[in-house]
Amino acid sequence: MTLSSVLLALLLACSLQLMLVAMPTCPLEGDLVQSVHRLLRDLGGPFPVRCLPYNANISFPSSALPAATANHAECRQVLWVVYESLQEAGPMFDDEELPAGVTWDRKKVQEFRMEQDRLSEEGSCLSGVGSSGVLSPYFSNVTAVIQQQDSAACGLMALRRDLLKVLKSALHHHRDCFTWRNTTEDTRPRLLRKRSHAH
């Protein structure tokens, strides 16, 4: 191999690496996710004891979120789970048609829906990232419980409880997957900053 062939191969390898690092990502703003979590938390109190029998039918899949974030693919999975969960839950939080037994402040529900809509717009590039098969059975079960008049309130409260768990886990265990408003110029997730500085 000649020196020019080696240099060309090296240049191609570096170009490929730069393309991978510079590949457009689909970030979600951590501050907005925190705001959605806070608004959802402030809607009501703890999960009611009277709704415990419905836990058997409504259980968020524990495999949806990776245990720890170690790479870009896992971050994309986390962002997709947050996005998709809020997308699927959106219609169930319709502030005009809350089921009997749900005493949430309508103004707070409306604020939550507005932030949820903002997050849905911001994360629309995530719509094809994950496998809907992971979350579909869960949301089918929630929808079935909410559609039954005698269990609708419990279904909605279980959905709220599970969304709170997902958002809290994502924000706590996968914080670096989100972008954050701060005083530094580089607001990409720390994982992506490490990659670009290493090359």
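Keep in mind that this is a model prediction, so the values were computed, not measured.

Trainee: Quick question: what am I supposed to make of the state of the cysteines here?
Mentor: What makes a disulfide is a covalent bond joining the sulfur atoms belonging to two cysteines. Evaluation of the coordinates by the stated rule reveals three disulfides. Through a disulfide, Cys 51 is tied to Cys 154; the S-S separation comes to 2.1 Å. With the S-S dihedral at roughly -75°, the linkage between Cys 51 and Cys 154 falls on the left-handed side. Placement of the pair is Cys 51 in the loop between helix 2 (30-41) and helix 3 (72-89) and Cys 154 in helix 6 (residues 152-173), with a sequence separation of 103 residues. Grouping residues by exposure puts Cys 51 and Cys 154 together as buried. A disulfide bridge connects Cys 75 with Cys 177, and the sulfur atoms are separated by 2.2 Å. Taking the sign of the S-S torsion, about -80° here, the bridge from Cys 75 to Cys 177 comes out left-handed. One end of the pair, Cys 75, is in helix 3; the other, Cys 177, is in the loop between helix 6 and helix 7 (190-198), and 102 residues separate them in sequence. In this structure, Cys 75 and Cys 177 share a single accessibility class: buried. Indicated for the protein chain is the disulfide connectivity 1-4, 2-5, 3-6, based on numbering the bonded cysteines in sequence order.

Trainee: What should I look at first to understand the packing of aromatic side chains in this one?
Mentor: How two aromatic rings sit relative to each other is set out by the distance from centre to centre and by the angle between their planes. All chains considered together, the criterion is met by five aromatic pairs. Arranged with centres 4.9 Å apart and planes meeting at 80°, the rings of Tyr 138 and Phe 139 form a pair that is edge-to-face. Across the pair, exposure class does not vary: Tyr 138 and Phe 139 are buried alike. Ring geometry for Phe 178 against Trp 180: centres 6.4 Å apart, planes inclined by 75°, an arrangement best described as edge-to-face. Taking the ring centre of Phe 47 as reference, the NZ or CZ of Arg 161 above it sits at 4.4 Å. Arg 175 extends its terminal NZ or CZ atom over the ring of Trp 180, reaching a point 3.9 Å from the ring centre.

Trainee: When you look at the environment of Asn 182 in this model, what are you seeing that I'm missing?
Mentor: Within the secondary structure, Asn 182 sits in the loop between helix 6 and helix 7. Of the residues examined, Asn 182 reaches a relative accessible area of 45% and is grouped as partly exposed. Residues Asn 182 and Asp 31, 151 residues apart in the sequence, show an inter-C-alpha distance of 9.9 Å.

Trainee: Would you take a moment to explain the environment of Gln 116 for this structure?
Mentor: Residue position: Gln 116 is located in helix 4 (residues 106-122). The buried category is assigned to Gln 116, whose relative accessible area is 1%. Considered as a pair, Gln 116 and Leu 32 are 84 residues apart in the sequence and their alpha carbons are 8.8 Å apart. Apart from the residues lying within four places of it in its own chain, the contact partners of Gln 116 are Val 36, Leu 86, Ala 89 and Gly 90.

Trainee: Please clarify how the nonpolar core should be interpreted in this entry.
Mentor: Nonpolar side chains tend toward joint burial in soluble globular proteins. Core analysis: the largest hydrophobic core is formed by 50 residues, its most contacted members being Val 82, Phe 93, Trp 104, Leu 156, Leu 159 and Phe 178. Secondary structure elements with two or more residues in this core: helix 2, helix 3, helix 4, helix 5 (132-147) and helix 6. With 11 residues, helix 6 is the largest single contributor of residues to this core. With residues near it in sequence (within four places) discarded, Val 82 still touches Leu 28, Val 33, Leu 119, Leu 167, Ala 170 and Phe 178.

Trainee: I would appreciate a short explanation of the side chain of Ser 35 in the present structure.
Mentor: If you trace the backbone, Ser 35 turns up in helix 2. With a relative accessible area of 14%, Ser 35 lands in the buried category. Within the structure, Ser 35 has its side chain in polar contact with the side chain of Glu 115 (distance 2.9 Å).

Trainee: Any chance you could explain helix 4 here in plain terms?
Mentor: Every α-helix carries 3.6 residues per turn, so stepping three or four residues along brings you back to the same face. An ideal rise of 1.5 Å per residue puts 24 Å on 17 residues; helix 4 measures up with 24 Å between its terminal C-alpha atoms. Tucked into the core, helix 4 has its buried residues touching helix 2 and helix 3. At the N-terminal boundary of helix 4, the capping side chain belongs to Asp 105, with an oxygen 2.7 Å from the backbone nitrogen of Lys 107.

Conventions we followed
Residues numbered from 1 in each chain as written. Predicted model: local features only at pLDDT ≥ 70, side-chain atom pairs only at ≥ 80, totals over all residues. Heavy atoms only, no water. Disulfide = S-S within 2.5 Å. Helix = DSSP H or I, 4+ residues; strand = E, 2+ residues; numbered from the N terminus. Buried < 20%, exposed > 50% of the residue type's maximum accessible area, 1.4 Å probe, protein only. Phe/Tyr/Trp six-rings, centres within 6.5 Å; stacked < 30°, edge-to-face > 60°. Lys NZ or Arg CZ within 6 Å of the ring centre and 35° of its normal. Contact = heavy atoms within 4.5 Å. Core = buried A, V, L, I, M, F, W, Y, C linked by side-chain atoms within 4.5 Å. Polar contact = N/O pair within 3.5 Å; in protein donor to acceptor, adjacent residues only side chain to side chain. Expected span 1.5 Å × (residues − 1).

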